[in-house]
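# Chain and residue survey
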Amino acid sequence: MKSDALHASVVERFTKIATSPGAEQKFPVGPKSAKRLGYDAAEIDALPPSVTESFCGVGNPFSLGEPRPGQTVLDLGCGAGFDTIHAARRVGSAGRCIGIDMTAAMIEKARKNAALAGVGNVEFRQAEIERLPVDDGSIDLVISNGVFNLSTDKPRVLSEVFRVLRPGGRLQMADILLEPQVTPEEAAQKGAWSD
Ligand SMILES: C[S@@+](CC[C@H](N)C(=O)[O-])C[C@H]1O[C@@H](n2cnc3c(N)ncnc32)[C@H](O)[C@@H]1O
């Protein structure tokens, strides 16, 4: 599949997860999955359902360390804003968080979710992670959950991460990987970007 077609199929898939999260059959979505991945169950239960129902991360980037008060955090492929809101609560009013996603329905839901969760120090931008609308050297912590695997140009995403990070900044990401024993033929079959 060509890059444009892959891009369109990813947007279609995640538009459905934003608007009808309960209909997803192939991978875990929602608060139960977040609890299984190590997020605090009481904190999840206290959030409005809209904030947690479209969570489709594959791990917990905060298991590598929580954002600190005052930091600027960038969430690549933020979806409906679950991790961005988690980070916004930790950085506090002296910090801020930016969520980036290319799927309009996810960005729209993330903005509503931030308002529902009562966090004002977040901003969501509809964009591709291969071309970040973010200033050079402006970010303390980049987080990402289940997104790099969907990019057709991973070296470019990494180079964007290095461009926007401050010296000494961190990238904390969770993702899915191909095991070495998977052949290119199997990868081509199984590795459909949005399946
Ligand atoms: C598996 S979901 C994860 C969403 C969120 N991180 C979470 O944990 O709930 C992947 C998200 O990445 C977004 N995405 C995929 N490829 C992207 C790209 N190249 N640029 C921007 N967003 C992308 C999708 O629109 C989708 O919302």
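Below or above, wherever it landed, is the structure these notes cover. The model shown is predicted, which means the values in this text are computed figures rather than measured ones. (Residues numbered from 1 in each chain as written. Predicted model: local features only at pLDDT ≥ 70, side-chain atom pairs only at ≥ 80, totals over all residues.)

### As for the overall build of the protein chain
Along the backbone of the protein chain there are eight helices and five strands. In the protein chain, the order of α-helices and β-strands from amino to carboxyl end is α-α-α-α-β-α-β-α-β-β-α-β-α. A compact globule built from 195 residues would reach a C-alpha radius of gyration of about 16 Å, and the protein chain, at 16 Å, matches this within 12%. Across its three principal directions, the C-alpha atoms of the protein chain cover 50 × 40 × 30 Å. The buried share of the protein chain, reckoned over its 195 residues, is 36%. Taking the contacts inside the protein chain whose residues are at least 6 apart along the sequence as the reference set, 72% of them involve residues at least 24 apart. (Helix = DSSP H or I, 4+ residues; strand = E, 2+ residues; numbered from the N terminus. Rg over C-alpha atoms; globule rule 2.2 N^0.38 Å. Buried ≥ 20, exposed ≤ 12 C-beta atoms within 10 Å, placed from the backbone. Contact = placed C-beta atoms within 7 Å.)

### Let's talk about the packing of helix α1 (residues 3-19) against helix α6 (residues 104-117)
Taken N-terminus to C-terminus, the directions of α1 and α6 make an angle of 30 degrees; their axes are 7 Å apart at the nearest point. When the axes of α1 and α6 are compared, the pair comes out roughly parallel. Contacts between α1 and α6 involve Phe14, Thr15, Ala18 and Thr19 from the former and Ala105, Met106 and Lys109 from the latter. Among the residues making up the contact of α1 with α6, the classes are represented as four nonpolar, two polar and one charged. (Axes fitted to C-alpha atoms, helices over the stretch in contact; angles between N-to-C directions. Parallel < 35°, antiparallel > 145°, perpendicular 65-115°, else oblique. Nonpolar A, V, L, I, M, F, W, Y, C, P; charged D, E, K, R; others polar.)

### As for the site of the ligand
Taken together, 22 residues are adjacent to the ligand, and Gly57, Gly77, Gly79, Thr103 and Gly146 come closest. Among the elements of the structure, α1 and α5 (82-91) are those that each provide at least two residues to the shell around the ligand. For the shell around the ligand, the class distribution of residues is eleven nonpolar, seven polar and four charged. (Near = placed C-beta within 6 Å.)

### Section: the nonpolar core
Grouped burial of nonpolar side chains is what soluble globular proteins tend to show. Counting 43 residues, the largest nonpolar core has Leu74, Ile85 and Val142 as the members making the most contacts within it. Mapped by element, the contributors of at least two residues to this core are α1, β1 (72-76), α5, β2 (96-101), α6, β3 (122-126), β4 (139-145) and α7 (154-164). Every residue in contact with leucine 74, bar those within four places of it in the chain, is listed here: Ile98, Ile100, Val134, Ile139, Val142 and Val164. (Core = buried A, V, L, I, M, F, W, Y, C linked by C-beta atoms within 7 Å.)

### Some thoughts on the pairing of β3
In terms of strand pairing, β2 meets β3 through five bridges, oriented parallel. Each residue of the ladder has a partner; that of cysteine 97, found in β3, is valine 122. (Pairing = 2+ DSSP bridges.)

### Considerations on the environment of leucine 76
Locating leucine 76 in the fold gives a position in strand β1. Between the alpha carbons of leucine 76 and isoleucine 98 there is a distance of 8.6 Å; along the sequence they are 22 residues apart.

### Points about α5
Among the ten residues in α5, eight count as buried, and that is most of the element. Listed as buried for α5 are Phe82, Asp83, Thr84, Ile85, His86, Ala87, Ala88 and Val91. In the stretch just after α5, glycine 92 is the one whose phi turns positive, near 70 degrees.

### With respect to the sheet that holds β2
Here five strands make up an open sheet; going across it, the order is β3-β2-β1-β4-β5 and the pairing parallel. The two strands at the open ends of the sheet, each matched to only one other strand, are β3 and β5 (165-174). Shown here is a sheet whose adjacent strand axes are inclined to one another by a mean of 20 degrees, direction ignored. In the sheet, β4 pairs with β5 via six bridges, with the strands oriented parallel. From the neighbouring strand, leucine 141 faces β5, where its bridge partner is arginine 170. The strands touched by α5 are β1, β2, β3 and β4; relative to β2, the strand with the most contacts, the crossing angle is about 170 degrees. Relative to the sheet, α7 contacts β1, β4 and β5, its axis offset from that of β5 by approximately 140 degrees.

### Quick look at α7
Along α7, the positions that sit buried rather than exposed are Val157, Glu160, Val161 and Val164. Relative to the axis of α7, the buried residues are bounded by an arc of 105 degrees and lie together on one face. What points out from α7, more than 90 degrees from its buried face, is the exposed set Pro155, Ser159 and Phe162. Contact partners of the buried residues in α7: β1, β4 and β5. (Arc of directions from axis to C-beta.)

From the geometry alone we can't say anything about function, so treat these as descriptive.
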